[in-house]
Amino acid sequence: MGDILITDDEADIRSLIKDILEDEGYACRMAGTAEDCMSAIEEDAPSLMILDIWLKDSDMDGIDILKSVRRSHPDVPIIIISGHGNIEIAVAAIKQGAYDYIEKPFNIDQLMVVVSRAMEASKLRHENSELRRRDSTSAEMIGQSTAFKSLQSQLKKVMNSNGRVMLSGPAGSGKEVAARYIHANSNRANAPFVTVSSASIEPERMETVLFGRETPEKGIEPGLLEQAHEGVIYFDEIADMPLGTQSKILRVMVEQAFQRVGGTEKVRVDLRVVSSTTRDLEAEIRAGRFREELYHRLNVVPVPVPALEDRRDDIPVLADHFISALNKSQGLPLREISEETKALLQTMRWPGNVRQLRNVIERVLILGDGSGPIEPSELPTPGEGGGDDGEMTLTGSLASLPLREARELFERQYLMTQINRFGGNISRTANFVGMERSALHRKLKSLGVVTSARGGARVARVDD
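So, how was this worked out
Residues numbered from 1 in each chain as written. Predicted model: local features only at pLDDT ≥ 70, side-chain atom pairs only at ≥ 80, totals over all residues. Heavy atoms only, no water. Helix = DSSP H or I, 4+ residues; strand = E, 2+ residues; numbered from the N terminus. Buried < 20%, exposed > 50% of the residue type's maximum accessible area, 1.4 Å probe, protein only. Contact = heavy atoms within 4.5 Å. Lys, Arg positive; Asp, Glu negative; His and termini not counted. Charge placed at Lys NZ, Arg CZ, Asp CG, Glu CD. Polar contact = N/O pair within 3.5 Å; in protein donor to acceptor, adjacent residues only side chain to side chain. pLDDT = per-residue confidence, 0-100. Pairing = 2+ DSSP bridges. Axes fitted to C-alpha atoms, helices over the stretch in contact; angles between N-to-C directions. Phe/Tyr/Trp six-rings, centres within 6.5 Å; stacked < 30°, edge-to-face > 60°. Lys NZ or Arg CZ within 6 Å of the ring centre and 35° of its normal. Patch = residues over 30% accessible without salt bridge, like charges linked within 9 Å, V, L, I, M, F, W, Y side chains within 5 Å. Areas by Shrake-Rupley, 256 points an atom, 1.4 Å probe, with all protein chains shown as cover. Salt bridge = Lys/Arg side-chain N within 4 Å of Asp/Glu carboxyl O. Expected span 1.5 Å × (residues − 1).

### Observations concerning the overall build of the chain
- Looking only at helices and strands, the chain has 19 helices and 16 strands in total.
- Principal-axis analysis of the C-alpha atoms gives the chain an extent of 100 × 55 × 35 Å.
- Across the 464 residues in the chain, those meeting the buried criterion constitute 45%.
- A fraction of 69% describes how many contacts in the chain between residues 6 or more apart in sequence connect residues 24 or more apart.
- Where the 57 positive side-chain charges of the chain centre and where its 71 negative ones centre are 9 Å apart.

Next up, the structure:
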């Protein structure tokens, strides 16, 4: 894109407009028929079109071309010109999406003002599109744990294919980051990444939001599928999509085409589909809430995203990353984290996963008094635990047990927490707790604690 396409059946008018615009530094192409115009657009979409309403010896008039270009290239502004025009034609052109309307014989100064404004609008649209794309390519995958490396390895295998990916995992675990990582490192990185928040769109508006609509009053309003053309469409929490919409999305994936709400013509799109869910979709299918055929279409490459408890090794790295990111985006203090605080973060419960960890770090940076290292006292107080004097308060389960059983329960929970903190690494766990590795193995066996693979890492559990 970078030139102006002038379409008029009168050769002297085409040449006149071309000479005027080239004197002002614009590059121009010309077309005398609708067929020549459409061929020129197919070869290379222009930055701006100047289009006559009436075209002799053509199967399409200017309004027909306008409708077609608005479907295939909605960001190209179109100025309609006509020597036979009236207010009804002008209104019809604007409703169909024309940027402006000029009557022949036109005033050169008026033409230049409209062209200048239209080119500026085209430039702004292009810059906004680039900014959106740049934002989508800034997604970072942060981690070093075994579970993280396993996830990253799976994502790298699917990046440059067109295979549909289904990301599954608990809320807040980073499924959208994983989807953006696929997009940012794929051959579609310079095309849009569009998110469909299935849970936040009202069911009665879902089809309009996805497919767009056509009305006499507002003309064409592209939907999210159209906006994602040649890029990635990400269905966040796909299980929340209404059943009726599910069947239409299934048809889109089969045909790569759809009709806007209120429209009659097919809109063709080239999309890669990535979906995510926190639910068991096979259970949703049995309950009649999700279409089995759609599940099989979406679940070509299933990729589980591990919970934060399965990648506790990554917590210090993620916390440091969030501190840096919040410093850049919000100007919050750039603080270090003490070793004691890192250890405590790794042993805390994180039901909200990575999202919860980020929120905790943001809260500490906002409420913190100093610029020194973040200390354990600045972290949120657990629901159970320390009293006002920092002394340990026994939970009901421990307080009701004899000493031997209470000690055994404590040791079991303590050692399982430390093993999980270090990603199942027994050597690191033994070093931290101050035991010989062989002694730790004996202790774990006596407590009935074993390690097993989960989410690409080894985690501790009680042997059944």
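### Considering the environment of Asp9
- Along the chain, Asp9 turns up in the loop between strand S1 (4-7) and helix H1 (11-23).
- Sequence spacing of Asp9 and Ser47 is 38 residues, and the spatial spacing of their C-alpha atoms is 21 Å.
- If we ignore the near neighbours within four places in the chain, the residues touching Asp9 are Arg14, Gly32, Asp52, Trp54, Leu55 and Lys56.
- Within the structure, the side chain of Asp9 is placed 2.9 Å from the backbone nitrogen of Lys56, a separation counted as a polar contact.

### Let's talk about the confidence of the model for the chain
- Across the chain, the average pLDDT comes to 85, with 90% of residues at or above 70.
- Per-element mean pLDDT across the chain ranges from 59 in helix H16 (residues 396-399) up to 97 in strand S6 (residues 165-168).
- For residues 133-138, every residue scores under 50 in pLDDT, and the model assigns this stretch ten contacts once sequence neighbours within four places are set aside.
- Ignoring residues within four places in sequence, the model shows residues 383-393, a span with pLDDT below 50, making four contacts including any to other chains.

### Comments concerning the sheet that holds strand S5 (residues 100-103)
- The sheet built from five strands is open, its strands ordered S2-S1-S3-S4-S5 with parallel pairing. Lying at the two open borders of the sheet, with one neighbouring strand each, are strand S2 (28-31) and S5. For this sheet, the mean inter-axis angle between neighbouring strands, taken without regard to orientation, is 20°.
- By the bridge criterion, four bridges tie strand S3 (residues 48-52) to strand S4 (residues 78-82) in an arrangement that is parallel. Paired with Met49 across the bridge in S4 is Ile78.
- The sheet contacts of H1 involve S1, S2, S3 and S4, and relative to S2 the element is tilted by about 175°.
- Each of S1, S2 and S3 is contacted by helix H2 (residues 34-43), which is oriented at about 165° to S1, the strand it contacts most.

### Observations concerning the packing of aromatic side chains
- Counting across every chain of the model gives four aromatic pairs.
- Seen from their ring centres, Phe211 and Phe258 are 5.5 Å apart, and the 45° between their planes marks the pair as tilted. With Phe211 in helix H8 (residues 206-211) and Phe258 in strand S11 (residues 257-259), this residue pair connects regions lying 47 residues apart in the sequence. The exposure classification of Phe211 matches that of Phe258, with both residues buried.
- Positioned over the ring face of Phe432 is Arg421, at 4.3 Å from the centre of the ring.

### Re a negative patch on the surface
- Together, Asp280, Glu282, Glu292 and Glu293 give the surface a local cluster of negative charge.
- One can find Glu282 in helix H11 (residues 281-286).

### What about helix H17 (residues 403-421)?
- Under the 1.5 Å per step criterion, the end-to-end length of H17 is 26 Å for 19 residues, consistent within 8% with the ideal 27 Å.
- When H17 is considered as a whole, its buried residues turn out to be Ala406, Arg412, Leu415, Met416, Gln418, Ile419, Asn420 and Arg421.
- A positive backbone phi angle near 65° is found at Gly423, which sits one or two residues after H17.

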